[in-house]
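An overview of the molecular structure
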Amino acid sequence: MFKKHMGKTIGLFISQLVLFSEAIAMSDTIDVTQLHGTELYVVVGFYVFQTIVGIYFGNRYDRKTCVKDLIYQLKSKDFATSTFEKIAALVDRDPDSRLTIYLLRTKQNSQPQQKAAFEQLLVEETRKSDIIAKWSNDEYLIIAVENAAKPSTLIERIKQNSPVSFLVGYATYPVEGEQLQQLLQVAKERMYATRTTK
């Protein structure tokens with residue numbers, strides 16, 4: 001949570017530190033308790049302005065950091081395609097693991113802010129070992145290695161916090177296909193058959 005708002009927190013802290021230093025420097029010449037009317041409004045207004053400036057630049061930092069995180073963690077379609085076989089080979093060696101692909105499709109009329117929030121949610125609710133790729137403008141692919149004996153709660157967690165409605169389909173390797181395209185076809189058929197929404 002702190003990492004998400006680190007810029008705003010630091011911006012607020014620096015602005016208050018600067019104000020505190022200014023207050024100490026002015027205490028020798030100005031008695032704040034004696035200020036009235038316009039003078040008091042100017043001092044309070046300056047305090048509010050400086051606080052807002054600190055939070056504003058902190059917020060800009062947080063937004064840039066968020067975008068960098070998404071660029072780093074949301075993979076391309078080509079990356080997901082080329083990585084699939086390597087991950088499948090690792091799963092073949094471990095009888096206690098299974099490979100599941102999830103295909104999520106958001107509504108076409110979703111707002112850019114909602115999509116950005118949805119992408120951030122995908123990053124937060126998946127593990128670093130999962131591959132999250134932007135498959136098309138409205139579709140996202142998740143390649144997840146899971147415990148074969150334990151049902152996944154990934155989609156339920158995403159549904160609970162998603163800012164947009166979406167359809168989801170899934171397919172399991174190698175039971176429902178050994179090639180990514182085969183699994184994608186199964187996932188798409190399941191997506192439209194069940195009409196699973198948020």
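You'll find the structure just up there.
The text that follows walks through the structure, step by step, so that each part is easy to find.

Examining the overall build of the chain
Across its full length, the chain holds six helices and five strands. Reading the chain from its N end, one meets helices and strands in the order α-α-β-α-β-α-β-β-α-β-α. Taking all 198 residues of the chain together, 35% fall into the buried category. The contacts of the chain with a sequence gap of at least 6 include a subset with a gap of at least 24, amounting to 74%.

Comments concerning the nonpolar core
In this structure, F84, L99, I101, L141 and I143 are the most contacted members of the largest nonpolar core, which totals 22 residues. Those elements that provide at least two residues to this core are α3 (77–92), β2 (97–106), β3 (131–134), β4 (139–147), β5 (166–173) and α6 (180–194). Ranked by residue count, the leading element in this core is α6, at six residues. Leaving out residues up to four positions away in the same chain, L141 has contacts with A80, I101, Y102, L103, I131, I132, A133, W135 and L184. Of all hydrophobic cores here, the second largest spans 16 residues; its members include L74, Y102, L104 and A144.

Thoughts on the sheet that holds β4
In spatial order, the strands read β1-β3-β4-β2-β5; together these five strands make up an open sheet with mixed pairing. Only two strands of the sheet have a single neighbouring strand rather than two, namely β1 (74–75) and β5. Direction of pairing for β1 relative to β3: parallel, over a ladder of two bridges. What sits directly across from L74, in β3, is I132.

Quick notes on the pattern of salt bridges
Charged atoms that come close allow side chains of opposite charge to pair. The final tally for this structure, using the stated rule, is seven salt bridges. Residue R157 is joined to E125 by a salt bridge in which the shortest nitrogen-to-oxygen separation is 3.0 Å. Taken together, the residues R157 in helix α5 (residues 154–161) and E125 in helix α4 (residues 112–125) connect sequence positions 32 residues apart. Overall, R157 belongs to the partly exposed group, its relative accessible area being 30%. One salt bridge in this structure joins R190 and E176, with 2.7 Å as the shortest N-O distance.

A few points about the packing of aromatic side chains
Evaluated as defined, the whole model comprises three aromatic pairs. Members of the aromatic cluster, each reached through a chain of ring pairs, are F118, Y140 and F166. Between the NZ or CZ atom of K77 and the centre of the ring of W135, over which it lies, the distance is 5.0 Å. One cation-aromatic arrangement involves R190 over Y170; the distance from NZ or CZ to the ring centre is 4.3 Å.

Quick look at the packing of α4 against α5
The interhelical angle for the contact between α4 and α5, taken along N-to-C directions, is 140°, at an axis separation of 10 Å. As for how α4 packs across α5, the hand of that crossing is right-handed. In this structure, α4 uses F118, L121, L122 and E125 to contact α5, whose residues at the interface are L154, R157, I158 and N161. For the contact of α4 with α5, the residue count by class is five nonpolar, one polar and two charged.

A short note on α4
With 14 residues, α4 should reach 20 Å at 1.5 Å per residue; the first-to-last C-alpha distance of 20 Å fits that figure. Of the positions making up α4, those classed as buried are K115, F118, E119, Q120, L121, L122, V123 and E125.

Section: the pairing of β2
The buried count for β2 comes to eight of ten residues, which makes it a mostly enclosed element. Relative to β4, β2 runs antiparallel, the two sharing nine bridges. What sits directly across from R98, in β4, is E146. Sheet topology places β2 next to β5; eight bridges connect them, and they run antiparallel. Of the residues in β5, the one forming a bridge with T100 is T172.

Analysis parameters
- Residues numbered from 1 in each chain as written.
- Predicted model: local features only at pLDDT ≥ 70, side-chain atom pairs only at ≥ 80, totals over all residues.
- Heavy atoms only, no water.
- Helix = DSSP H or I, 4+ residues; strand = E, 2+ residues; numbered from the N terminus.
- Buried < 20%, exposed > 50% of the residue type's maximum accessible area, 1.4 Å probe, protein only.
- Contact = heavy atoms within 4.5 Å.
- Core = buried A, V, L, I, M, F, W, Y, C linked by side-chain atoms within 4.5 Å.
- Pairing = 2+ DSSP bridges.
- Salt bridge = Lys/Arg side-chain N within 4 Å of Asp/Glu carboxyl O.
- Phe/Tyr/Trp six-rings, centres within 6.5 Å; stacked < 30°, edge-to-face > 60°.
- Lys NZ or Arg CZ within 6 Å of the ring centre and 35° of its normal.
- Axes fitted to C-alpha atoms, helices over the stretch in contact; angles between N-to-C directions.
- Left-handed = near helix turned anticlockwise from the far one by under 90°.
- Nonpolar A, V, L, I, M, F, W, Y, C, P; charged D, E, K, R; others polar.
- Expected span 1.5 Å × (residues − 1).

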